[in-house]
Structure formats: structure tokens, C-alpha cells
Amino acid sequence: MDIILADYLGFCYGVKRAIKLAREQAGKDKQVVTLGPIIHNPQMVKQLADEGIGLVNSLDEIDKGTVIIRSHGVGPSVYKRASEKGLRIIDATCPHVKKAQMSAKTLAEEGYFVVIIGEKAHPEVKSIVEWSGRSAVVIEDVHEAEKLHFVRKLGIVAQTTFSRGKFKQLVDILIDKSNDIKVLRTICTATEQRQAAAEELAMKVDMMLVIGGKNSANTTRLASLCAKKCPTYHIETADELKDNWFHHIEKIGVTAGASTPDWLIREVYRKCKNKNKTCKVY
Ligand code: SF4
């Protein structure tokens, strides 16, 4: 049995940066909390909690100390409220997310009707809506794109972790919805690299293991892209591996979302290796 790792997998630049900022602040400050889980990975969030980095889901829950804005970003109302409360703000918004937020803001200011291609319920998308002055609409499927009425000026941005293929498909439909269109392709490179590497690998193996939080949009997306090419299992930890998955399997591909720490990838890799001592690893 061969185990092949995707060329790009695991922690991205934005997630590494957010965790570094949180840890640095925890070394200086007694009360450090993140607003929402710092990344969509329960195991990593637990590890940070053990290091003293707390978690609140709303600013109502704190009156002092430091609040860390996670890589997904927040809308302007959150910065305003945190400073009104006298909280120290450490802004760990990923620069790619910041770019998507500012792009939506600028488009709205220039009079464009802003469309965000992404998932409505995702915190990053909600923050982009807020930066657009709450005037943007979110489109996540073909049906919604087709339903959009004709507008004078149409500005399009993407959720940074959206599928590049689906973005293109939706832009192709939206192109008929205005005579003045500006498309800002705000999908981040880390996402594109992970998606392309996962798809390429999934075409060469008998089974894919996709490691990462079940609540992680980018990991779930990797799993659904791989599932179109071969049998795919989305797992958070090595404990979820089942013996019957490995029957008659010669090549296993492994990838992981941008919010999956290396130690979780290593655990899965080790456990797979132990299932067949003769396996080769690439
Ligand atoms: S996936 Fe991209 S946008 Fe999201 S945190 Fe990582 S680098 Fe930033």
C-alpha cells in the first residue's frame, strides 16, 4: 500500500499568522480571548485553550483584556464595539480576507451592486457583507445566479476559500446581468493550490483521506472535490480511520485543509502506515 501526500496541504499562511499572533499575545497578557474559534479545527482550538487562549462568541461576554480577531475577519461594527468597550484588539484577519473585504467596500462606494460568491453562513462572507455597507447579496449556486435581476453596475468578489471552478461557473452566468461588470477574483492562492493538488492526487489513487475540522469550509470543499474523483473520507483525527476502508486499496492519497495542524496529519499518516507495514510513503 502506498501513501501519497498532496503537494500542498495543511496550515496556510493566514492560519499560521493568526495562531502566532494569539500565542505572542498570550505570553504578554493575562486575559486573551478569540472572538469565535480562531480556526475551524476543534483539536487546535482545544490545544490553544490549554495554553490559556480563551474563546468568546460575543463581545457581550468580555469587558476587559485582549480580543483577537480571527483570520476570517469581522465587520466594522465589531471593531467599533470592541474599542468602545476599551478592549485591546489584535487583528489576525488574514490579509487575503482583508483584501476581499476592502474590495467589496470600494465597489459599493463606486456605485456597484456587490455580489459575493460564497457561503451565506460563513463568518468571512458575513464580514464582507458588512464591509459592503450591508448592501451586497451572496450567491452560492447556479439557481441564485440565474435569478439575479439586471443591474446597471455589477461588482463581484469571492469568498477566499471558494472553489475556483464553481466561481468561474457562476461568473459565466452573472456576466449577462449587467453591461458594466467588475470581477475581483479574491480566492486566495493557498486555497487554489490545495484544491488543485487534491484534485490531481485524487485522480491517481484508490482512496482519499481529507483531514480537517468538519466545521471547516475549505476542508469540506477539498473533500467534495476529491469525492468526485474517488472514494473519499473526511476525518478530523486518526481515531476515525476504519479498517474496512483499507481493503483492496493500493494507493491512498492524503490531503488536509488550511486549518489542519501538522500533528493531526502526522497522526493519520502514522496510523495508515501501521495498517500495512510494507507500504511505501511519498
Ligand atoms: S485559506 Fe487563504 S484566506 Fe483563508 S486564512 Fe488561509 S491564506 Fe488566508
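No experiment lies behind these values; they were computed from the predicted model shown.

Each value, and the rule that gives it
- Residues numbered from 1 in each chain as written.
- Predicted model: local features only at pLDDT ≥ 70, side-chain atom pairs only at ≥ 80, totals over all residues.
- Heavy atoms only, no water.
- 1 Å grid on protein atoms, 1.4 Å probe; cavity = no way out; pocket = protein on both sides within 12 Å on 5 of 7 lines; lining within 4 Å.
- Points joined across faces, edges and corners; volume = space filled by probe spheres on them.
- Helix = DSSP H or I, 4+ residues; strand = E, 2+ residues; numbered from the N terminus.
- Nonpolar A, V, L, I, M, F, W, Y, C, P; charged D, E, K, R; others polar.
- Pairing = 2+ DSSP bridges.
- Axes fitted to C-alpha atoms, helices over the stretch in contact; angles between N-to-C directions.
- Contact = heavy atoms within 4.5 Å.
- Expected span 1.5 Å × (residues − 1).
- Buried < 20%, exposed > 50% of the residue type's maximum accessible area, 1.4 Å probe, protein only.
- Arc of directions from axis to C-beta.
- Near = heavy atom within 4 Å.
- Sits in = over half its atoms within 2 Å of the grid points.
- Salt bridge = Lys/Arg side-chain N within 4 Å of Asp/Glu carboxyl O.
- Parallel < 35°, antiparallel > 145°, perpendicular 65-115°, else oblique.
- Left-handed = near helix turned anticlockwise from the far one by under 90°.
- Core = buried A, V, L, I, M, F, W, Y, C linked by side-chain atoms within 4.5 Å.

Novice: Explain the layout of surface pockets to me, and be specific about the residues and the numbers.
Specialist: It is a probe the size of a water molecule, rolled over the atoms, that shows where empty space is left. Volume-wise, the largest pocket comes out at about 390 Å³. Lining the largest pocket are 26 residues, and of these C12, V15, T161, C188 and A258 lie nearest its centre. Considering every element that reaches the lining of the largest pocket, the biggest residue donor is helix α8 (residues 189-202), with five residues. Of the residues in the lining of the largest pocket, the class split is ten nonpolar, 14 polar and two charged. Its boundaries defined by the atoms lining it, the second largest pocket holds a volume of some 300 Å³.

Novice: Which residues make up the sheet that holds strand β6 (residues 113-117), and what are the values?
Specialist: Read across the open sheet, the four strands follow the order β7-β6-β8-β9; overall the sheet is parallel. Every interior strand has two partners, whereas the edge strands, β7 (137-139) and β9 (181-183), have only one. Pairs of neighbouring strands in the sheet enclose a mean axial angle of 25°, with direction left out of account. Relative to β9, strand β8 (residues 154-158) runs parallel, the two sharing three bridges. Looking at the pairing, G155 lines up with K182 of β9. Its contacts with the sheet put helix α4 (residues 95-109) on β6, β8 and β9, and the angle it makes with β8 is roughly 175°.

Novice: Quick rundown of helix α1 (residues 13-28)? Include the residues and the values.
Specialist: Relative to the 22 Å expected for 16 residues at 1.5 Å per residue, α1 spans 23 Å between its end C-alpha atoms, a close match to the ideal helical length. For α1, every residue scored as buried is listed here: G14, V15, A18, I19, A22 and Q25. For α1, the buried positions fall inside an angular range of 130° around the axis, keeping them on one side. Exposed residues on α1 whose side chains face more than 90 degrees from its buried face are K20, G27 and K28.

Novice: Any details on the site of the ligand? Residues and values, ideally.
Specialist: Contacts to the ligand come from C12, G14, C94, H96, T160, T161, C188 and T191. The site holding the ligand turns out to be the largest pocket. Residues that form the shell around the ligand fall into these classes: three nonpolar, five polar and no charged.

Novice: I'd like a rundown of empty space enclosed by the protein, residues and numbers included.
Specialist: Within this structure, the stated rule accounts for one cavity of 30 Å³ or more. Of the pockets and cavities examined, the largest cavity occupies roughly 40 Å³. Around the largest cavity sit T161, T191, R194, Q195, N218, R221 and L222, which together line it. Looking at the lining of the largest cavity, the elements with two or more residues in it are α8 and α9 (217-227). Residues of the lining of the largest cavity, tallied by class, amount to one nonpolar, four polar and two charged.

Novice: Can you explain the pattern of salt bridges? Please cite residues and give values.
Specialist: Applying the stated criterion across every chain, the model contains 18 salt bridges. Two residues, E109 and K105, come together in a salt bridge whose shortest N-O distance is 3.0 Å. Placement of both E109 and K105 in helix α4 is noted, with a separation of four residues, approximately one turn of the helix. By relative accessible area, which is 58% here, E109 ends up exposed. For K105, a relative accessible area of 27% gives the class partly exposed. The residue E199 makes a salt bridge to R164 at a minimum N-O spacing of 2.9 Å. Of the two residues, E199 sits in helix α8 while R164 sits in helix α7 (residues 164-174), which places them 35 residues apart along the sequence.

Novice: An account of the packing of α8 against α9 is needed here, citing residue identities and associated values.
Specialist: Running from N to C, α8 and α9 cross one another at 30°; their axes reach a closest spacing of 9 Å. Considering their axes alone, α8 and α9 lie roughly parallel with respect to each other. Judged by the sense of rotation from one axis to the other, the crossing of α8 with α9 is right-handed. Side by side, α8 and α9 meet where R194, Q195, A198, E199 and A202 of the first sit next to R221, L222, L225 and C226 of the second. Residue classes in the contact of α8 with α9 are distributed as five nonpolar, one polar and three charged.

Novice: Pulling in residues and values, what's your account of the nonpolar core?
Specialist: Core analysis: the biggest nonpolar cluster contains 18 residues, and I19, I38, I39 and I68 have the highest contact counts within it. A per-element tally of this core places α1 first, with four residues. The contact partners of I19, leaving out residues within four places of it in the chain, are F11, I38, I39, M44 and L48. Ranked by size, the runner-up nonpolar core spans 17 residues in total, among them M1, L209, L241 and C272.

Novice: Lay out α4 with the relevant residues and their values.
Specialist: Between its first and last C-alpha, α4 extends 21 Å over 15 residues, near the 21 Å set by a 1.5 Å rise per residue. The inward-facing, buried residues of α4 abut β6, α5 (123-131), β8 and β9. One or two positions beyond α4, positive phi appears at G111, with a value near 90°.

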